[in-house]
Amino acid sequence: MTLTPPTGAGAGAGVSAAAAEVRDVVREARAGERAIRIVGGGTWLDAGRPVRADARLELKALAGIVEYVPGDLTLTALAGTTLAELERATAAEGQWLPLDPFGSPVGTLGATVATASSGPLSLGLGVVRDVVLGVEVVTGRGEVVRAGGRVVKNVAGFDLARLMIGAWGTLGAITEVTVRLRARPDVDRTVAIAIREGAAGVEGLLQAVRTAPIAPAALQLVSREMARHIGAEANGSAVMLIRLCGNEEAVGSQRGVVAGLGDAIDVGQDVWRALRAVEPADAAVVRASAEAGRLGEIWHAATGAGGVLAHAWVGTGTVRLMESAQQAARLAELIGRMPRVNVIGERLPGELWSRIAPSMVDDRLSRGVREAFDPDRILNPGILGEANR
Amino acid sequence: MRIDPALAGRLAEIVGDRWVLRRHAQLLVYSADGLPGYRKVPALGVLPGTRDETIAVIRLLAEYGIPFVPRGAGTGLSGGALAEDAVLVGLHRLKRIIAIDPDSRLAIVEPGVVNVALTRAAATYGLHYAPDPSSQAACTIGGNVAENAGGPHCLKYGVTLNHVVAVTALLPDGSLVELGSAAGEREGYDLLGVFVGSEGCFGIALDITVRLSRDPQAVRTLLADFTSLDAAARATSAIVATGIVPAALEMMDGATIRAVEASIYAAGYPADAAAVLLIELDGLEAGLEADVRTVERLCRDAGARGVRTARDEAERTRLWQGRKKAFGAMGRISPHLVVQDAVVPRTRLPDVLARIHEIGERHRVRICNVFHAGDGNLHPNIGYDATDPGETERVHLAMGEIMNACIDAGGTITGEHGVGLDKLEYMDRIFSADALAAMCRVREVFDPDRRSNPGKVVPVHSCREWRMTPAARSAGMVTAGGA
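Residues numbered from 1 in each chain as written. Chains lettered and ligands numbered in written order. Predicted model: local features only at pLDDT ≥ 70, side-chain atom pairs only at ≥ 80, totals over all residues.

Asker: Break down the overall build of chain A for me, citing the residues and quoting the values.
Answerer: Within chain A one finds 14 helices and 17 strands. Here the C-alpha atoms of chain A give a radius of gyration of 22 Å, agreeing with the 21 Å that 2.2 N^0.38 yields for 389 residues. In terms of overall dimensions, chain A has C-alpha extents of about 65 × 50 × 30 Å along its principal axes. The buried share of chain A, reckoned over its 389 residues, is 57%. In chain A, the share of contacts with a sequence separation of at least 24, taken over all contacts with a separation of at least 6, comes to 70%. (Helix = DSSP H or I, 4+ residues; strand = E, 2+ residues; numbered from the N terminus. Rg over C-alpha atoms; globule rule 2.2 N^0.38 Å. Buried ≥ 20, exposed ≤ 12 C-beta atoms within 10 Å, placed from the backbone. Contact = placed C-beta atoms within 7 Å.)

Asker: Got a sec to walk through the sheet that holds strand β18 (residues 366–371) of chain B? Specific residues and values, please.
Answerer: All names here are of chain B. Read from one edge to the other, the open sheet built from seven strands follows the order β15-β12-β14-β13-β18-β20-β16, with strand pairing classed as antiparallel. Single-partner strands in this sheet number two, and they are β15 (306–309) and β16 (336–339). Across the sheet, the axes of successive neighbouring strands diverge by a mean angle of 20°, strand direction being ignored. As paired elements, strand β13 (residues 248–253) and strand β14 (residues 275–283) share six bridges and run antiparallel to each other. Looking across to β14, one finds that E250 is bridged to L278. The sheet strands contacting helix α9 (residues 254–261) are β13, β14 and β18, and the helix crosses β18 at an angle near 85°. Running at roughly 175° to strand β20 (residues 380–384), helix α14 (residues 389–408) makes contact with β16 and β20 of the sheet. (Pairing = 2+ DSSP bridges. Axes fitted to C-alpha atoms, helices over the stretch in contact; angles between N-to-C directions.)

Asker: Which residues make up the interface of chain B and chain A, and what values go with them?
Answerer: On the chain A side, the residues contacting the 75 residues of chain B number 72 residues. Looking at the side of chain B that touches chain A, the elements with two or more residues in it are α7 (191–195), α8 (229–242), α10 (288–301), α15 (427–430) and α16 (433–446) of chain B. The biggest single contributor to the side of chain B that touches chain A is α16(B), with 10 residues. When grouped by side-chain class, the residues that make up the side of chain B that touches chain A number 31 nonpolar, 27 polar and 17 charged. (Nonpolar A, V, L, I, M, F, W, Y, C, P; charged D, E, K, R; others polar.)

Asker: Hey, could you go over the packing of α9(B) against helix α12 (residues 326–333) of chain B for me, with residue numbers and the actual values?
Answerer: Residues and elements named next belong to chain B. Two elements in contact, α9 and α12, have axes separated by 8 Å at closest approach and are oriented at 80°. In terms of their interaxial angle, α9 and α12 are classed as roughly perpendicular. Taking contact as the criterion, the partners of T256, A259 and V260 in α9 are, on α12, A326, A329, M330 and I333. (Parallel < 35°, antiparallel > 145°, perpendicular 65-115°, else oblique.)

Asker: Before we move on, could you go through the packing of helix α1 (residues 5–15) of chain B against helix α3 (residues 51–64) of chain B and cite the residues and values that matter?
Answerer: Residues and elements named next belong to chain B. The contact between α1 and α3 brings their axes to 9 Å, and the two run at 160°. With respect to α3, the axis of α1 lies roughly antiparallel. Crossing of α1 over α3 shows right-handed handedness. Contacts from L7, R10, L11, I14 and V15 of α1 reach α3 at E53, A56, V57, L60 and Y64. Looking at the contact of α1 with α3 residue by residue, the class counts come to eight nonpolar, no polar and two charged. (Left-handed = near helix turned anticlockwise from the far one by under 90°.)

Asker: Before we move on, can you summarise the pairing of strand β10 (residues 204–211) of chain B with the specific residues and values?
Answerer: Residues and elements named next belong to chain B. Most of β10 sits out of view: eight of its eight residues are buried. With six bridges joining them, strand β8 (residues 164–170) and β10 adopt antiparallel strand pairing. From the neighbouring strand, V167 faces β10, where its bridge partner is I208.

Asker: Help me get a handle on the nonpolar core, residues and values and all.
Answerer: Core analysis: the biggest nonpolar cluster contains 292 residues, and A:L160, A:M164, A:I193, A:V239, A:V286, B:V276 and B:L277 have the highest contact counts within it. A total of nine residues in this core trace back to one element, the largest contributor, which is α16(B). In contact with A:M164, not counting residues within four places along its chain, are A:V135, A:V137, A:A147, A:L171, A:G172 and A:I174. (Core = buried A, V, L, I, M, F, W, Y, C linked by C-beta atoms within 7 Å.)

Next comes the structure, spelled out in structure tokens:
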């Protein structure tokens, strides 16, 4: 097959120097039939399934902001740029990138997008797929593909950018990302409400917040054990954390509404930093999600027996559970108690992957998509649990 | 195209004779969509009435290897629903709202459900379906999924993609696949994300699970009146930069205002204004007034002559009616109307609008601008007479220059209308050959024979690994999806 250099003349058609460099590495690997492990900041290397690779492609050095127009609330950065760096640059303009994935702040933008990792703020401010406007990737064919663009609304062509989000690098190594930003709110305040024991306590509170006149940026259930870890404990019980953002009056009024829902105490913003970094270094971590209306049911299945580090997104119906590596099998037991859930493994011991989180890319369409971008399976092979060819 | 005469009979066995369109006069009804100047008469039309009939129809077409074009209400503006040498499959009879789950805020609908009908059905729960294209009284959710449709309120609430959680897709070979999940996030490739907006080239969305949104507690609608387009554009940038996210932030220029005010949709816009901004703020009652005051101040600082807030629901409806019916009002003035669609970075609005004005003057065409300013999503529209070849040529030249100006400003060629047939010629300008080839390959994953809506979205010469499709061989021709 011949590789044709891009011929288009428009804004989206050029190839960055960074991408050209990565392209050469991928082409060489493909020619030599070598598989590549793509590495960003290296902070989440133990996440995902084991990769069968012959070489590493380090993208950490591909760092820096390519274009930032505060008036447009858009930013383009190389994939190796850390979230901490983006936080600094955007804070200077009173803006932020509202992605708060779990793990270290030196995690990279590229890895965040590749793994579709978002945190508590995704409730009010969107998941990765809502925030990413465009990406540049080097495919397993050694071609540079720019998908999406730098504007906030775009339906030109098939939306290849969506495919790259959450593909864990198996369709292409991400070299550049364009995201939409938000202005930082005037007031940003977090409140914890104690949850009464038992299934009725959770259901009652969930029902109340569903109809209450509040519009939180984040709304999380936190198990008793987790609350203790992050310093959000209220009377030794599980809590609901409510993050209110907006102007003074809007936040003040919502704080009043929240006070009517239960024993509410103000907690510092540190709880969110603590929550993002709560899991022990070797922990096994898994997420399970159901329709939002069934959250009470799966939360009770996960935490009813106590003793588990867990938190959950109210509004999207996702529970995140963690256990020490030695106790990881317990996660399988808990997941087994939850009917009809989607399971996503973040970090698991080898033998538990197929039991808890069987591969979701062995269907005909997913195999076809992989073939379209990486026919020789040289990018992160094995990370999605895909069958060997 | 040669169609096996037995096919129409076999389709009639599935859907009933009256739902198979064979006669030229019947087919003419389906020979155009919202894009003027293009007319393609389908080879045959079939209008299934149930999910099972639709599956049987697509399986039969697969058996015959015949290309087809799925169609909703035909309100699209890019020629995407035109069927040439293909069977038109109309889906507007599939209009059941299958379920509404108010606790999970989800609804399951068939593809022919009209956009606004879902919002009406959800109203009893205090919920609504957020994407609201101007054609929402007629367009279907299936069509919205195909086009990844937007609308004025997408500034705050997002486009169709952000509201669709699962689709049962009927692939062109007649197989059914579940894309996405109503149970929230799942691992694996975002096949749903690439299906939404695939303009009917990947198959048919047979049932669609969408997210419903809570009705806002309070709404304020403001009208700001400007003596220059530039001042209105600067006010837009200033509002976006404060961090207040209006539910909608729409701009109409003088020509549009006068067309609206001369029509039955007259909304009370100031007839001598060079531009107005229609700004809607919604959310919780508390704190909303403070945002209204901030927006008012920013408009005045940018040079607004006046800013008024709708006093009641009737006035609010009237202000919106003028905006939503602006295209219709323009249609009164000229026999044909091109509704253009492009996006530029918001900070580039003032200079791009100036450039559009200059292009219009030079080509002696009458451009009206009515658009989603908050998103930078322009709709420069040109009213003309398509039977006048000279004027048609000038319109075409002007549109080409406008698209190029938007691309040069760092923008894109379509924000919500899709590529269809109309924008094919610009795809090379914004995507590299490698990117276009990748799109061709992804399309072939869903539709290896390229029989579903052939010839749309990606220019055929971009599909490097072209091969004669079985469909083309059996029909003794090269399909539009081929070389």
